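So the chains spell out like this:
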Amino acid sequence: MVQLTIDNRKLESHPGEKILWTALEAGIFIPHLCALKEVEAFAGCRLCLVEIEGEKEPAAACAREVAPGMVVRTDSDRLKALRRLSLELILASHQADCPACALHKKCQLQDLAARLKVSLKPRRFPPLYPAADEFEHRCIEYVPERCVICTRCTRACTAIAGKGIIDLRFRGLDTVIGSLAEPEDYEFCLTCGKCVEVCPAAALRFRSDPDVSASHRG
Ligand code: FES
(Lines give C-alpha, C1' and ligand atoms only; values in the text may rest on other atoms or scores of the structure.)
Protein backbone atom coordinates (compact mmCIF):
# COMPACT_ATOMS: atom_id res chain seq x y z
CA MET A 1 0.00 0.00 0.00
CA VAL A 2 1.04 3.62 -0.53
CA GLN A 3 0.72 6.07 2.35
CA LEU A 4 0.17 9.72 1.58
CA THR A 5 -1.47 12.83 3.03
CA ILE A 6 -4.33 14.70 1.38
CA ASP A 7 -5.64 17.84 3.08
CA ASN A 8 -3.93 16.85 6.34
CA ARG A 9 -5.53 13.40 6.32
CA LYS A 10 -3.30 10.35 6.31
CA LEU A 11 -4.55 7.94 3.68
CA GLU A 12 -3.60 4.66 2.09
CA SER A 13 -3.95 3.85 -1.57
CA HIS A 14 -2.89 1.23 -4.06
CA PRO A 15 0.32 1.59 -6.05
CA GLY A 16 -0.53 3.09 -9.44
CA GLU A 17 -3.79 4.62 -8.24
CA LYS A 18 -4.42 8.26 -9.15
CA ILE A 19 -4.72 11.00 -6.55
CA LEU A 20 -8.24 11.84 -7.74
CA TRP A 21 -9.76 8.41 -7.10
CA THR A 22 -7.90 8.08 -3.80
CA ALA A 23 -9.29 11.41 -2.58
CA LEU A 24 -12.84 10.74 -3.76
CA GLU A 25 -12.85 7.33 -2.13
CA ALA A 26 -11.84 8.99 1.14
CA GLY A 27 -14.67 11.51 0.85
CA ILE A 28 -12.45 14.40 -0.22
CA PHE A 29 -14.12 16.05 -3.19
CA ILE A 30 -11.87 17.28 -5.99
CA PRO A 31 -13.78 18.85 -8.89
CA HIS A 32 -13.39 16.80 -12.07
CA LEU A 33 -15.06 16.46 -15.42
CA CYS A 34 -13.02 14.67 -18.06
CA ALA A 35 -11.86 11.83 -15.80
CA LEU A 36 -13.37 8.36 -16.15
CA LYS A 37 -12.09 5.75 -13.76
CA GLU A 38 -12.13 2.93 -16.30
CA VAL A 39 -10.10 4.69 -18.98
CA GLU A 40 -6.76 6.42 -19.34
CA ALA A 41 -6.67 10.03 -18.13
CA PHE A 42 -6.97 12.84 -20.65
CA ALA A 43 -6.31 15.66 -18.14
CA GLY A 44 -7.93 18.20 -20.43
CA CYS A 45 -10.48 19.98 -18.26
CA ARG A 46 -7.95 21.09 -15.61
CA LEU A 47 -10.61 21.11 -12.90
CA CYS A 48 -8.87 18.53 -10.75
CA LEU A 49 -5.67 20.51 -10.20
CA VAL A 50 -4.02 19.93 -6.83
CA GLU A 51 -0.88 21.16 -5.16
CA ILE A 52 1.82 18.64 -4.31
CA GLU A 53 4.38 19.56 -1.68
CA GLY A 54 7.76 20.29 -3.28
CA GLU A 55 6.29 21.01 -6.73
CA LYS A 56 5.85 24.51 -8.06
CA GLU A 57 3.07 23.89 -10.55
CA PRO A 58 -0.27 22.31 -9.75
CA ALA A 59 -0.80 18.79 -11.07
CA ALA A 60 -3.88 17.10 -12.53
CA ALA A 61 -5.10 14.71 -9.83
CA CYS A 62 -6.73 12.45 -12.43
CA ALA A 63 -3.42 11.77 -14.12
CA ARG A 64 -0.93 11.79 -11.23
CA GLU A 65 -0.26 8.54 -9.41
CA VAL A 66 0.01 8.45 -5.66
CA ALA A 67 3.52 8.13 -4.23
CA PRO A 68 4.79 7.21 -0.76
CA GLY A 69 4.93 10.23 1.54
CA MET A 70 3.23 12.50 -0.98
CA VAL A 71 1.56 15.54 0.59
CA VAL A 72 -1.35 16.91 -1.42
CA ARG A 73 -3.49 19.98 -0.97
CA THR A 74 -6.77 20.26 -2.82
CA ASP A 75 -8.39 23.48 -1.67
CA SER A 76 -6.04 26.50 -1.75
CA ASP A 77 -7.22 29.89 -3.02
CA ARG A 78 -4.91 29.52 -6.02
CA LEU A 79 -6.51 26.20 -6.97
CA LYS A 80 -10.00 27.58 -6.53
CA ALA A 81 -9.21 30.51 -8.85
CA LEU A 82 -7.63 28.24 -11.47
CA ARG A 83 -10.59 25.89 -11.38
CA ARG A 84 -13.07 28.71 -11.75
CA LEU A 85 -11.20 29.98 -14.79
CA SER A 86 -11.11 26.51 -16.34
CA LEU A 87 -14.80 25.97 -15.71
CA GLU A 88 -15.70 29.34 -17.22
CA LEU A 89 -13.78 28.41 -20.36
CA ILE A 90 -15.51 25.03 -20.51
CA LEU A 91 -18.92 26.62 -20.06
CA ALA A 92 -18.19 29.18 -22.78
CA SER A 93 -18.19 26.26 -25.20
CA HIS A 94 -21.43 24.81 -23.81
CA GLN A 95 -24.84 26.13 -24.78
CA ALA A 96 -26.61 25.90 -21.44
CA ASP A 97 -30.22 25.43 -22.56
CA CYS A 98 -30.85 23.63 -19.28
CA PRO A 99 -34.66 23.37 -19.21
CA ALA A 100 -34.57 21.66 -22.62
CA CYS A 101 -31.76 19.29 -21.68
CA ALA A 102 -32.18 15.65 -20.69
CA LEU A 103 -29.57 16.07 -17.94
CA HIS A 104 -31.25 19.06 -16.27
CA LYS A 105 -30.92 18.77 -12.48
CA LYS A 106 -28.74 15.67 -12.71
CA CYS A 107 -26.00 17.44 -14.59
CA GLN A 108 -22.33 17.39 -13.67
CA LEU A 109 -21.81 20.84 -15.22
CA GLN A 110 -24.63 22.33 -13.14
CA ASP A 111 -23.19 20.69 -10.05
CA LEU A 112 -19.68 21.98 -10.75
CA ALA A 113 -20.95 25.49 -11.49
CA ALA A 114 -22.79 25.53 -8.16
CA ARG A 115 -19.82 24.16 -6.21
CA LEU A 116 -17.31 26.51 -7.82
CA LYS A 117 -19.71 29.47 -7.80
CA VAL A 118 -19.50 30.03 -11.54
CA SER A 119 -22.40 31.12 -13.73
CA LEU A 120 -23.60 28.57 -16.26
CA LYS A 121 -23.43 31.43 -18.76
CA PRO A 122 -20.15 33.11 -17.82
CA ARG A 123 -19.63 36.62 -19.13
CA ARG A 124 -15.84 36.64 -19.04
CA PHE A 125 -15.59 34.83 -22.39
CA PRO A 126 -17.69 35.02 -25.54
CA PRO A 127 -19.45 31.83 -26.63
CA LEU A 128 -16.85 29.49 -28.08
CA TYR A 129 -19.08 26.95 -29.82
CA PRO A 130 -17.38 25.09 -32.65
CA ALA A 131 -18.82 25.40 -36.14
CA ALA A 132 -21.43 22.74 -36.87
CA ASP A 133 -19.96 19.68 -38.52
CA GLU A 134 -21.50 16.70 -40.18
CA PHE A 135 -21.79 13.83 -37.72
CA GLU A 136 -23.13 10.99 -39.77
CA HIS A 137 -24.45 8.23 -37.57
CA ARG A 138 -27.77 6.51 -38.03
CA CYS A 139 -28.47 6.01 -34.32
CA ILE A 140 -26.62 8.76 -32.52
CA GLU A 141 -27.02 12.51 -32.81
CA TYR A 142 -24.32 15.03 -31.87
CA VAL A 143 -24.92 18.61 -30.72
CA PRO A 144 -21.59 20.48 -31.06
CA GLU A 145 -22.92 23.56 -29.22
CA ARG A 146 -23.19 21.47 -26.08
CA CYS A 147 -19.96 19.51 -26.42
CA VAL A 148 -17.20 20.46 -23.99
CA ILE A 149 -14.57 18.22 -25.64
CA CYS A 150 -13.91 16.28 -22.46
CA THR A 151 -13.29 13.24 -24.76
CA ARG A 152 -15.05 10.91 -22.36
CA CYS A 153 -17.09 9.59 -25.28
CA THR A 154 -14.16 8.88 -27.59
CA ARG A 155 -12.10 7.29 -24.83
CA ALA A 156 -15.05 5.18 -23.68
CA CYS A 157 -15.72 4.07 -27.26
CA THR A 158 -12.11 2.95 -27.61
CA ALA A 159 -11.25 1.67 -24.15
CA ILE A 160 -14.57 0.34 -22.82
CA ALA A 161 -16.50 -0.55 -25.97
CA GLY A 162 -13.28 -1.57 -27.72
CA LYS A 163 -14.27 0.14 -30.94
CA GLY A 164 -13.09 3.68 -31.78
CA ILE A 165 -16.18 4.46 -33.84
CA ILE A 166 -16.14 8.12 -32.78
CA ASP A 167 -13.08 10.31 -32.59
CA LEU A 168 -11.92 13.92 -32.44
CA ARG A 169 -11.97 16.00 -35.62
CA PHE A 170 -10.10 19.24 -36.25
CA ARG A 171 -8.04 21.14 -33.69
CA GLY A 172 -8.22 23.94 -31.14
CA LEU A 173 -11.53 25.78 -30.90
CA ASP A 174 -12.75 23.95 -34.02
CA THR A 175 -12.46 20.54 -32.38
CA VAL A 176 -15.63 18.45 -32.61
CA ILE A 177 -16.54 14.80 -32.27
CA GLY A 178 -16.65 12.96 -35.55
CA SER A 179 -18.16 9.60 -36.44
CA LEU A 180 -16.26 6.95 -38.34
CA ALA A 181 -19.21 4.59 -38.19
CA GLU A 182 -19.71 2.10 -40.98
CA PRO A 183 -23.13 0.55 -41.58
CA GLU A 184 -22.04 -2.62 -39.80
CA ASP A 185 -21.29 -0.59 -36.64
CA TYR A 186 -24.83 0.66 -36.12
CA GLU A 187 -26.15 -2.51 -34.54
CA PHE A 188 -23.27 -2.48 -32.09
CA CYS A 189 -23.84 1.20 -31.21
CA LEU A 190 -27.52 0.57 -30.55
CA THR A 191 -26.77 -1.95 -27.84
CA CYS A 192 -23.68 -0.18 -26.48
CA GLY A 193 -24.53 3.50 -25.97
CA LYS A 194 -21.44 4.01 -23.81
CA CYS A 195 -20.62 7.34 -25.48
CA VAL A 196 -24.10 8.68 -24.74
CA GLU A 197 -23.93 7.37 -21.19
CA VAL A 198 -20.62 9.04 -20.30
CA CYS A 199 -21.25 12.40 -21.99
CA PRO A 200 -21.63 14.99 -19.19
CA ALA A 201 -23.06 17.64 -21.51
CA ALA A 202 -25.88 15.83 -23.33
CA ALA A 203 -24.02 16.49 -26.56
CA LEU A 204 -24.59 12.92 -27.71
CA ARG A 205 -27.96 11.25 -27.66
CA PHE A 206 -29.82 8.48 -29.40
CA ARG A 207 -31.80 9.68 -32.35
CA SER A 208 -35.51 9.86 -31.69
CA ASP A 209 -36.38 7.61 -34.63
CA PRO A 210 -38.94 5.23 -33.06
CA ASP A 211 -37.36 2.09 -34.56
CA VAL A 212 -33.94 3.04 -33.25
CA SER A 213 -35.24 3.91 -29.80
CA ALA A 214 -37.22 0.71 -29.61
CA SER A 215 -34.18 -1.40 -30.57
CA HIS A 216 -32.05 0.33 -27.96
CA ARG A 217 -34.60 -0.16 -25.22
CA GLY A 218 -34.91 -3.81 -26.24
S1 FES B 1 -10.60 15.55 -14.39
FE2 FES B 1 -8.48 15.87 -14.29
S3 FES B 1 -8.06 17.23 -15.88
FE4 FES B 1 -10.17 16.76 -16.12
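Everything below is about the structure shown above.
Residues numbered from 1 in each chain as written. Predicted model: local features only at pLDDT ≥ 70, side-chain atom pairs only at ≥ 80, totals over all residues. Heavy atoms only, no water.

S.K.: Can you break down the overall build of the chain residue by residue, with the values?
M.R.: The helix and strand inventory of the chain stands at 7 helices and 9 strands. A compact globule built from 218 residues should have a C-alpha radius of gyration of about 17 Å, and the chain, at 19 Å, falls within 12% of that. Reported as C-alpha extents along the three principal axes, the dimensions of the chain are approximately 55 × 40 × 30 Å. For the chain, the residues scored as buried account for 48% of the 218 residues in total. Put simply, 62% of the contacts in the chain that link residues at least 6 apart link residues at least 24 apart. When the accessible surface of the chain is totalled, it reaches about 11700 Å², and 50% of it is carbon and sulfur. Side-chain charges of the chain comprise 30 positive and 30 negative groups, with the mean position of each set lying 7 Å from the other. (Helix = DSSP H or I, 4+ residues; strand = E, 2+ residues; numbered from the N terminus. Rg over C-alpha atoms; globule rule 2.2 N^0.38 Å. Buried < 20%, exposed > 50% of the residue type's maximum accessible area, 1.4 Å probe, protein only. Contact = heavy atoms within 4.5 Å. Areas by Shrake-Rupley, 256 points an atom, 1.4 Å probe, with all protein chains shown as cover. Lys, Arg positive; Asp, Glu negative; His and termini not counted. Charge placed at Lys NZ, Arg CZ, Asp CG, Glu CD.)

S.K.: Lay out the packing of helix H2 (residues 77–92) against helix H3 (residues 108–116) with the relevant residues and their values.
M.R.: Here H2 crosses H3 at 145 degrees, and the two axes come no closer than 11 Å. The two elements H2 and H3 meet at a crossing, and its hand is left-handed. Residues Arg83, Arg84, Leu87, Ile90 and Leu91 of H2 pack against Leu109, Leu112, Ala113 and Leu116 of H3. A breakdown of the residues in the contact of H2 with H3 according to their chemical character gives 7 nonpolar, no polar and 2 charged. (Axes fitted to C-alpha atoms, helices over the stretch in contact; angles between N-to-C directions. Left-handed = near helix turned anticlockwise from the far one by under 90°. Nonpolar A, V, L, I, M, F, W, Y, C, P; charged D, E, K, R; others polar.)

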